[in-house]
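# Examining the three-dimensional arrangement
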Amino acid sequence: MTYTAWIILTAALVGLSCGVIGVFLILRKTAMMADAISHTVLLGIVIAYIITREVSGTAMLIGGILAGVFTAFLVQWLHSLRVQHDAAMGIVFTTLFAIGVILIATSVGNAHLDVQHALMGEITFIPFHMITLPIIGAIPEATALLLLVLAVILFFIIAFYKEWKITSFDPALAASLGIPVILMHYLFMGLVSVTTVASFDAVGAIMVVAMLITPAASAYLWTDKLSFMLVLSGSFGVVSAVAGYYIAAWIDTSISGSMAFATGLVFMISFIFSPKHGLISRRVRPAETM
Amino acid sequence: MLSILLNSNTGWVLLSTMTLGIAAGTIGCMAYWKRQNLMSDALSHAALPGVVIAFLLIGEKNLLILIIGAAISALIGAFLIQWITTASRISEDSAMGMVLAIFYGFGIMLLTIANRSAGGNQSGLDGFIYGQAAAMVRTDVITMLVLALIVVFIVFIGFKEWKLYLFDGQFAKGIGLSLKGMNTLYTAVLVTTIVIGIQAVGVILMAAMLIIPAVSARYWTQSFKVMILLSAIFGGLAGATGTLISALGSGLPTGPFIVVVGAGFFVISLVLGKEKGILINYLQFKLHQKAQQSNAQTLKQEG
């Protein structure tokens, strides 16, 4: 495959994984948790790097998952001590992120891991790190990681589809049915962290929030059916990722920034034209009923 | 250490981060009681495109112009969050997350273009993302000081009105206070505090300056007035200490150190604070347990 094809494939995979997992972020009303986790994952990656002294996918993935789940745990713990939920999030993620930046500035100081890169991602470097897999052949490491993560996400969503549905819409009912709601919460936070780590190389810490929340929020305006929303959100993610790449190529600017911007365009279109919840239909409908 | 203080520029920077900490600590208490802690995070990210557009328009790094750009952009962000939340079924935190990330992404697009153009890279525009207080010159410091003092002054003179607005909106309306006017003023003050802090702390960590001192202060008092005072002191101390630490090494970012010092205050307050601090809660629990046990014993002896 050519250089550009790899980049587009990687971007599309980011859009797909983030779009699918983002649906549950919106439904569980924990969208800002994505913001918190995407920041603290940086700390996990830095610590993994300091321990292993190499930029390896597996170590970063483990570090990122641990950091993400740790964040979720700290937020929950502070909340149980009566700190307002969003304040708890704000304290935890800014502090852990600050520690991550300080560690990079003081003890890493290396071209492989700089803050700039972590915040903005550098998708153009991805095709330079190729690995060889048994059946598929040569594939960029980040792309292989994304494929693996996508498989994991899809496995968990499909295997526990009913449980996710009930815990997301009615946690009290789920608890009364004997579904382990708290375990599901941490499992979900783990999945969000995995997705964030895998997307990190491509879009960076902050733009991944756009990829996680916006396609799902757009899909939420089009449909009331969970399965349809998952498909729609994944497609919106892919469309924005690919469109973002072409916008960036067109005006020669940051690819990750353009991808975030493209998700905004998708949302704007949904916000205006959605048949159920769009601006136009809201304006037209009262006239129809008269 | 002394040589750092004697270096006149560091002295000025120290003064400005301290004043910023005081202003942010003060406004943070209001955001805390409005339950809008993460709003500051969304708005500081949303300020980025405004900073870059202002820079592209004037072609140099004039802090006042950049601050105006940032404020306009953050206000648009605030308006969009409000609009999306009221006009659709998207919840407020989803709207905040979207505005935060999309504005930031747009800002990065523009920043890449600005850095490509002549002089953009040397202007230190990148410092805006994670804060580089050491890069501030004296005029920047004066701009910041004046704006921060205005913010603190507005809170100070209208203290009674703010209190009514935050704790009993209905009553405030009843005595003829315009809630809409207070809301506008609150947003203006919040956005001003955020944008003056961006240069020193960076867009990503600015939220911490508002959230952490306020929550820490909550552990020491039940009075709103004392809470604001304490929060301002925590913020000011964190600003000054963090700046000093980052001045010890060369090229260390200021923002993260300020945040970590602030987090230190938070942990101390969380453990030792006299209102629902962990230690106090634990001691009370133990005392209660002991009282129960002795009660049970006396009952047994009597029986």
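Keep in mind that this is a model prediction, so the values were computed, not measured.

On to the overall build of chain A. Assigned secondary structure in chain A consists of 12 helices and two strands. Scaling as 2.2 N^0.38, a compact globule of 290 residues should have a C-alpha radius of gyration of about 19 Å, and chain A matches this with 19 Å. If one aligns the C-alpha atoms of chain A with their principal axes, the spans along those axes are about 65 × 50 × 35 Å. Buried residues in chain A amount to 52% of all 290 residues. Restricting to contacts in chain A with at least 6 residues of sequence separation, those with at least 24 account for 71%.

Mean pLDDT over chain B: 87, with 94% of residues reaching 70 or higher. The ipTM value of the predicted complex is 0.89, and its pTM value is 0.89.

Turning our eyes to something else, we now look at the interface of chain B and chain A. Interface size, as often reported, equals the accessible area lost upon joining of the parts. Of the residues lining the interface, 44 residues belong to chain B; the matching set on chain A comes to 47 residues. Taken together, the elements giving at least two residues each to the side of chain B that touches chain A come down to α5 (63–87), α6 (92–116), α7 (127–130), α12 (206–218) and α14 (254–272) of chain B. If you tally residues by element for the side of chain B that touches chain A, the top one is α6 of chain B, at 15 residues. The residue makeup of the side of chain B that touches chain A, split by class, is 32 nonpolar, seven polar and five charged.

So, on to the environment of Leu80 of chain B. In this fold, Leu80 of chain B is placed in helix α5. Leu80 of chain B sits 96 residues away from Gly176 of chain B along the chain, and the two C-alpha atoms are 29 Å apart.

Below, the discussion takes up the packing of helix α9 (residues 181–222) of chain A against α6 of chain B. One can describe the packing of α9 of chain A onto α6 of chain B by two numbers: an axis separation of 8 Å at closest approach and a directional angle of 130°. Comparing the axis directions of α9 of chain A and α6 of chain B gives the class oblique. The interaxial crossing formed by α9 of chain A with α6 of chain B has left-handed handedness. Mapping the contact onto sequence places Ile206, Met207, Val209, Ala210, Ile213, Thr214 and Ala217 of chain A in α9 of chain A and Ser94, Gly97, Met98, Leu100, Ala101, Ile102, Tyr104 and Gly105 of chain B in α6 of chain B. Here the residues of the contact of α9 of chain A with α6 of chain B are counted per class, giving 11 nonpolar, four polar and no charged.

All names here are of chain B. Among the structural elements, Asn183 can be located in helix α11 (residues 179–201). Looking at Asn183, the number of C-beta atoms within 10 Å reads 13, which means it is partly exposed. Separated by 18 residues in the primary sequence, Asn183 and Tyr165 place their C-alpha atoms 8.7 Å from one another.

Residue and element names in this part refer to chain A. By the bridge criterion, four bridges tie strand β1 (residues 130–133) to strand β2 (residues 137–140) in an arrangement that is antiparallel. From the neighbouring strand, Thr132 faces β2, where its bridge partner is Ala138. Linking two consecutive strands that pair antiparallel, namely β1 and β2, is a turn of three residues.

Another aspect to go through is the environment of Lys276 of chain B. Here Lys276 of chain B shows up in the loop between α14 and α15 (278–302). What makes Lys276 of chain B partly exposed here is the crowd of 14 C-beta atoms within 10 Å. The spacing of Lys276 of chain B and Gly59 of chain B is 217 residues in sequence and 52 Å in space, taken between C-alpha atoms. When near neighbours in sequence (up to four residues on either side) are disregarded, Lys276 of chain B contacts Arg82 of chain A together with Tyr219 and Asn281 of chain B.

What follows covers the packing of α12 of chain B against α14 of chain B. If you want to describe how two helices pack, look at the angle between their axes and the distance between the axes. Residue and element names in this part refer to chain B. The interhelical angle for the contact between α12 and α14, taken along N-to-C directions, is 20°, at an axis separation of 8 Å. Here α12 lies roughly parallel to α14, going by the angle between them. Considering the relative orientation of α12 and α14, their crossing is left-handed. Contacts from Ala208, Ile212, Pro213, Val215 and Ser216 of α12 reach α14 at Val259, Gly262, Ala263, Phe265, Phe266 and Ser269. Here the residues of the contact of α12 with α14 are counted per class, giving eight nonpolar, three polar and no charged.

The rules behind each value
- Residues numbered from 1 in each chain as written.
- Chains lettered and ligands numbered in written order.
- Predicted model: local features only at pLDDT ≥ 70, side-chain atom pairs only at ≥ 80, totals over all residues.
- Helix = DSSP H or I, 4+ residues; strand = E, 2+ residues; numbered from the N terminus.
- Rg over C-alpha atoms; globule rule 2.2 N^0.38 Å.
- Buried ≥ 20, exposed ≤ 12 C-beta atoms within 10 Å, placed from the backbone.
- Contact = placed C-beta atoms within 7 Å.
- pLDDT = per-residue confidence, 0-100.
- Nonpolar A, V, L, I, M, F, W, Y, C, P; charged D, E, K, R; others polar.
- Axes fitted to C-alpha atoms, helices over the stretch in contact; angles between N-to-C directions.
- Parallel < 35°, antiparallel > 145°, perpendicular 65-115°, else oblique.
- Left-handed = near helix turned anticlockwise from the far one by under 90°.
- Pairing = 2+ DSSP bridges.

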